[in-house]
Each structure stands twice: as structure tokens, then as C-alpha cells.
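Working through the structure, step by step
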Amino acid sequence: MTTYITTPIYYVNAQPHLGHAYTTIVADTYSRFRRLCGDDVRFQTGTDEHGDKIVEAAEREGVAPKEYVDTISGMFSSTWPVLEIEPDNFIRTTDPDHIKVVQKILQDVYDSGDIYFGEYTGLYCQGCERYLTEKELVDGNCPDHQKPPEEIAEKNYFFRMSKYQQQLIDHIHAHPEFITPERYKNEVLAFLSEPLEDLCISRPKSRLTWGIELPFDDKFVTYVWFDALINYLTGIGYPDGDLFEGNWSVAEHVIAKDILKPHAIYWPTMLFSMGLPLYQKLHVHGYWNVDNTKMSKSIGNVVRPKELVAAYGVDTLRYFTLREMSFGLDSSFSSEAIVARQNADLANDLGNLFSRAIAMVQKYRGGVIPAPGSYTDSDSDLRQAAEKMLGRYEEVMGQFNFHLGLQAIWEFVGVVNRYIVTSEPWTLAKDESGKERLDTVLYTILESLRLLTLVLRPVMIGATVKMGQALAMPKDDARISLLAVGRQWGLLEPGTQLQALETLFPRLEKEEKKEQSVKQTKKGKKKKADVTDVADDNLVSFDDFKKLDLRVAEIVAAEPIKKSDRLLKLTVKAPEERTIVAGIAEHYSPEDLIGRQVIIVANLKPAKLMGIESNGMVLAAKDISGEKEILLLTTVSGSVPTGSNVA
Ligand code: MSP
């Protein structure tokens, strides 16, 4: 099968931000998913470089339009590799071959009688670069740009859009998946329930010269949307290039809700007029806000993708955006949210699973994949969960429900983590009689890791390369790069030596997150920035510090907590006896702890962890310099009476 997927071509009046990044990440992920399914894929993005807005932006910068568009278009094309986005084609509307195709189409449509000359008076919004209807205004303003449109009367060329209204309505009804999610299809049908006007498709050169000249009247240039939408054809060699037939018949466009009308109404009616089949699918997503506020230059909260990659890493950014936004609905970015996902989903759930599992095979089997013995019910349950995950993944990723695909994957991560806890490989390892069972358990865990590597591949490129390497598989090994092959159970070859696992996701500290949020707010929102500034100097007053009750405590008992491989239940004297639940099980065995003196925070509010009330916290230093994070308990340099204050 073939897949042809496109993003909008972005206006070069602004630099790339999170919104552009999201659409392009979505298209890239979908491309990679379809490749995983064995498709031939063509993925196209690019820049939209004509029109009033661009001229204004160039004037503001004091440079010629061409110089200006080259610079900003370059910013888009150079951002995508940083986000591991790999389009097959980057199209620019100033490319000479695009200009030729637009002029050919204009001439064809004109010759067929669907373009006519007329006079029009209308309400024109500069921001939208289109005329608005009275109905669209909110309190007399354009709802997107909060400005009243200008009333303009001029002679212009018009496209007979109204002629195709019924044909479009019929097409939408006959193809329920033409516009998804459903809410956007309904929006378009509601709009089409009113009479459609013809579309003004020219601008007099007296008003705008930065555009493609009409082939049948050199005093006019074409309207930016008539030029821009055609990029989807130019990019595959319309009319007679080799790529055209095969790709156009399967074309899918991804856009956000802001440009629904041009894509769902102008574009299909243009295609009807050209006598071409319509694109197959229009996938429409919602808007990213930042801290629940609309992203805007004047507020100063515009989030730049390259900065996000520098702060959080590209795998985290891709995962976060796809997981956090329900495709079709709006979502809000915040540094708190991305740090929380990185720490919980990535570092804890997924990263720890990989490092624990590989470490166990290193420890118990010298890093060699064991041959499984006979499978038991718990192994079959896990395999069933894997099957279920794969089925769901395939279904929802194909429908652009990436958040659901990731949810299904993380449910499976949870299943594997629980399988480890209940299979207790560490207990099996103690006894020769557990040998065959341990082999099966380790093999089952490693196969699960392979399946996770396979399904995460479209989302996280760097991390899945590392995962594959640890499993001794190059990235193009079909077992982790082709769904039809890789989804089968039991493809890991016993006897293969595993490789070292590079750290997948470091844990992020909250402090880093605060810095980032100040960066985003620094320009505007004075009040918010001031508040964050105070907290951000990282200093606490002496009075605040004095509130902490730090003491030397002696560990008198320690035991593992069932169902948790991270937590230990400690009984300490400080000097009274108390219980503290500490997340150190991966670093200390209970018997190593008895008799140690440690430093605790004694006046932390009690908290229940795995059903056990913890009264305080044991302090430990974190060493993240190596492949694995190591915790080292703090202590004092000599023996002191238990309960001594630390100040
Ligand atoms: N040039 C036109 C598109 C022509 S396509 C034939 C255009 N350009 S744009 O630069 O304004 O890009 C709009 C698109 O950018 C949206 O449809 C969406 O893909 C992305 N986004 C811009 N801001 C966004 C958010 N705040 N949130 C999510 N995506 C948004 O319109």
C-alpha cells in the first residue's frame, strides 16, 4: 500500500512554534507508523510564501520579500531534523515548478468557465487573508484576530465555488471518513447548510505584487489560498509526474481547526472543477495553548520547539505532545506537565522496566538471552495482553488517535512491570530448581521489551534505537521495524548476547522545569513572571529552613514491600521508633541496612505508600553520572546518639 501524508505549508511570517511542531510531529509519526505497517510512504511539508502577511512581515524586518522568505523558510526546514522529523519533500510556494502548476490550473479552470470577472464588496480580514461573512463576526470582530475586518470593494476574479456545493455535501455524506474527527465534519456540513458564495481568487497588483500572476490577466495575482492548496499536487508532480497517480489517489491531509474551511470547502470544490478525485482524508486537530492561555507573541508565551528539545530531549517532546493531546481537542502545554510525563511515564515506567530487565539478564544469565521452557498461565496472560495491545495500537494509530495508542502501550508496560513483581525472578534465581522457570520468565520479559521497541518506533526514534541495540538488534532488523513480522511471539534468539543499555530517559528535577516556565513568560504577563522570579532564585529563607526537623536515625529493621520493587519498609529510631517507607529497594538489600545511621526529615507530613504509613523521609544522594541512577544514603562522619539534630 501507499501513503501520501501532508502538513499545511506554514506561513513564513512567523518562526516555527509548538503548534507547527505538533502537526509536523503527527504527520511524521503517522509516516513512520505506515512504514512500520509496510507501506510506501511519501510525507510532505513546506512553506507558504506569498500574500499580504508576508510582505508586511518583510517590511517590518526591512528586507526584500524574497530575502525574508528564504530566511524563515530555512528556519522551518532546519527545525524538522532537530525534532527527528524526516519529510520526503519540503515544498515552497516560491519554487518555479509550483508557480508553473498554479498557473496551469488557473488557466484550465478559467478555460472551463469556472472563473469569472466581477465586482465584490466584502469584509476582508488581513489576518485570515480572506473575506468573512457577517455571521462569522463576533461583536463586529474577526473571532481569530479580534479585529474588525476592512470593508473592501474591488473588481476581481471569482471561482464558482457555489456551483459545487451540493456535490460536496453529497461527497461528505457518502464518505464518512472524509473529515475526522466527526465534530469537524459536522461543522463543515453546518456551514454548507447555508448557500455557499463564490470565492474571490485574485488581488489587483495595485494592492499586492507578491503573488503568482494570473495567466489570463497580468494586472492581478492569485489569492494566497488558491496558490497554497495546490502545493499538495505540485509536490507529487502534477499533472504528469511519475509520482502523481499513485500518491494522489491516497492523499491524506493533516491540519488544525483554524484552516478547516479552506481545506474542507475551497480545496474540494477546486478539485471538482479540475476534474480530479478528492483527497481521501482530512485529519483535523485542536489547538495548543500554553498554561491554558492562547499562545501569542504579544503575551510572550510562544513556545519554540528547538528550546523544548534542548530542555527535555526530542523523544520526550514527541511522546508528550502525542500523549497529551486527544486528537481533535485543544490541549495545554506546561513545563510541569511535560516534566511529570517524563518522570512518571518515561523514566519510571518505561525506562526502569528496560534497565531492570536488562540488568536481571546480565546478573542471572551473564547477559545471554535464555531459551524459554514451558509457558505457564501467567506467561500466557502476558502474551494475551501483548496481543491486545498490538491490535488496539494498529487500530487507533491508523485513525490518528495517537494518545490512545500510547495509552494502550503504557497499559502493557504496567502489565510487564507487574509480571516481573509476581514472577519474582530474584527468588527463582536463588535456587537451582527455579532455573527453567527463570529462563522462561526472563525470555518473556525480553520479548515484551522487543514488542515495546517495535511499537514505540514511530514515536521515539533515539530511544528505540537504544532499546534495539540493547536487544542486539540493528534498527532495520525486521523484528523491530515491521509490524507484520515483529508482532509474532518468540523472535528473540536464545544464546544472543545482550548489549549495554544506554540511559533512555533521565529524571528531570522540578527546578529545571521552573526555569523553563520563566523563559516562556519572560516577555509578557508581568505578574506571573514576578511570582515565578521569586521562587526561581532557588533560595529559601533561614526561617523556612529552620522549619525542617532533620535528625540522625538508626535503621533497626528493613523489609521489602510486596508488589513494589522500589520501596522498602524501614523501622528507624530517632530516637523514638517510627516507620519510614523509602524508595531504595533497587539500591540496598534489607539486610545491608540494619544498624546504619542515616539522616531523616522527621517532620514530613505522614503519607501512605502501598498502604503503609510513612512518617518521614530518608535522605539519599543521587548519582546520575553512570548508565543507571544510583542512590547513596546520607550519614554522618562519626557515630552520634540516635535522634541528634542535623543543622
Ligand atoms: N499557510 C496556511 C496553510 C496553507 S496549507 C495549504 C497557514 N499557515 S500557518 O502558518 O498559519 O499554519 C497553520 C497551521 O499551523 C495549523 O493548521 C496547524 O497545523 C499549525 N498551528 C498553528 N498554531 C497552532 C496551535 N496553537 N496549535 C496547534 N496547531 C497550530 O495557515
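You'll find the structure just up there.
Criteria and cut-off values
Residues numbered from 1 in each chain as written. Predicted model: local features only at pLDDT ≥ 70, side-chain atom pairs only at ≥ 80, totals over all residues. Heavy atoms only, no water. Helix = DSSP H or I, 4+ residues; strand = E, 2+ residues; numbered from the N terminus. Buried < 20%, exposed > 50% of the residue type's maximum accessible area, 1.4 Å probe, protein only. Contact = heavy atoms within 4.5 Å. Areas by Shrake-Rupley, 256 points an atom, 1.4 Å probe, with all protein chains shown as cover. Lys, Arg positive; Asp, Glu negative; His and termini not counted. Charge placed at Lys NZ, Arg CZ, Asp CG, Glu CD. Phe/Tyr/Trp six-rings, centres within 6.5 Å; stacked < 30°, edge-to-face > 60°. Lys NZ or Arg CZ within 6 Å of the ring centre and 35° of its normal. Near = heavy atom within 4 Å. Polar contact = N/O pair within 3.5 Å; in protein donor to acceptor, adjacent residues only side chain to side chain. Axes fitted to C-alpha atoms, helices over the stretch in contact; angles between N-to-C directions. Parallel < 35°, antiparallel > 145°, perpendicular 65-115°, else oblique. Nonpolar A, V, L, I, M, F, W, Y, C, P; charged D, E, K, R; others polar.

1. Overview of the overall build of the chain
Helix and strand counts for the chain stand at 24 helices and 25 strands. Put simply, the chain has 647 residues, and 52% of those count as buried. In the chain, of all internal contacts separated by at least 6 residues, the share reaching a separation of at least 24 is 75%. About 28,600 Å² of surface is accessible on the chain, with carbon and sulfur atoms providing 51% of the total. Of the charged side chains in the chain, 73 are positive and 92 negative; the average position of the first set lies 4 Å away from that of the second.

2. So, the packing of aromatic side chains
As enumerated under the stated definition, the model contains 29 aromatic pairs in all. On the basis of an interplanar angle of 35 degrees and a centroid distance of 6.0 Å, the ring pair of Trp288 and Phe320 is categorised as tilted. Of this pair, Trp288 sits in strand S14 (residues 288-290) while Phe320 is found in helix H12 (residues 314-324), placing the two residues 32 residues apart along the sequence. For the pair Trp288 and Phe320, one class covers both residues: buried. Through pairs of rings, three or more aromatic residues link up here, namely Tyr110, Phe117, Tyr157, Phe216 and Phe220. Positioned over the ring face of Tyr124 is Arg207, at 5.6 Å from the centre of the ring. Across from the ring centre of Tyr375, 5.2 Å away, lies the NZ or CZ of Arg383, which sits over that ring.

3. Description of the site of the ligand
Near the ligand lie 23 residues; those nearest to it are Ile9, Thr23, Asp48, Asp258 and Trp288. In this structure, a nitrogen atom belonging to the ligand sits 2.9 Å away from a main-chain N or O atom of Trp288. Here the ligand loses 94% of its free accessible area of 670 Å² to cover by the protein chains. Among the secondary structure elements, those contributing two or more residues to the shell around the ligand are strand S1 (2-11), helix H1 (18-36), helix H7 (224-229) and helix H8 (231-234).

4. Structural notes on the packing of helix H14 (residues 377-398) against helix H15 (residues 402-423)
Put simply, H14 and H15 touch, their axes get as near as 8 Å, and they point 170 degrees apart. What the angle tells us is that H14 and H15 run roughly antiparallel. Each of Ser378, Asp379, Leu382, Ala385, Ala386, Met389, Arg392, Tyr393, Val396 and Met397 in H14 lies in contact with H15, whose residues at this interface are Phe402, Leu404, Gly405, Ala408, Ile409, Phe412, Val415, Val416 and Tyr419. Partitioning the contact of H14 with H15 into residue classes produces 15 nonpolar, two polar and two charged.

5. Focus on the side chain of Ser331
Note that Ser331 resides in strand S16 (residues 331-333). The exposure class assigned to Ser331 is buried, which follows from its relative accessible area of 9%. At 3.4 Å, the side chain of Ser331 and the backbone oxygen of Glu324 are in polar contact. Residues within four places of Ser331 in sequence aside, it is in contact with Tyr287, Trp288, Asn289, Glu324 and Met325.

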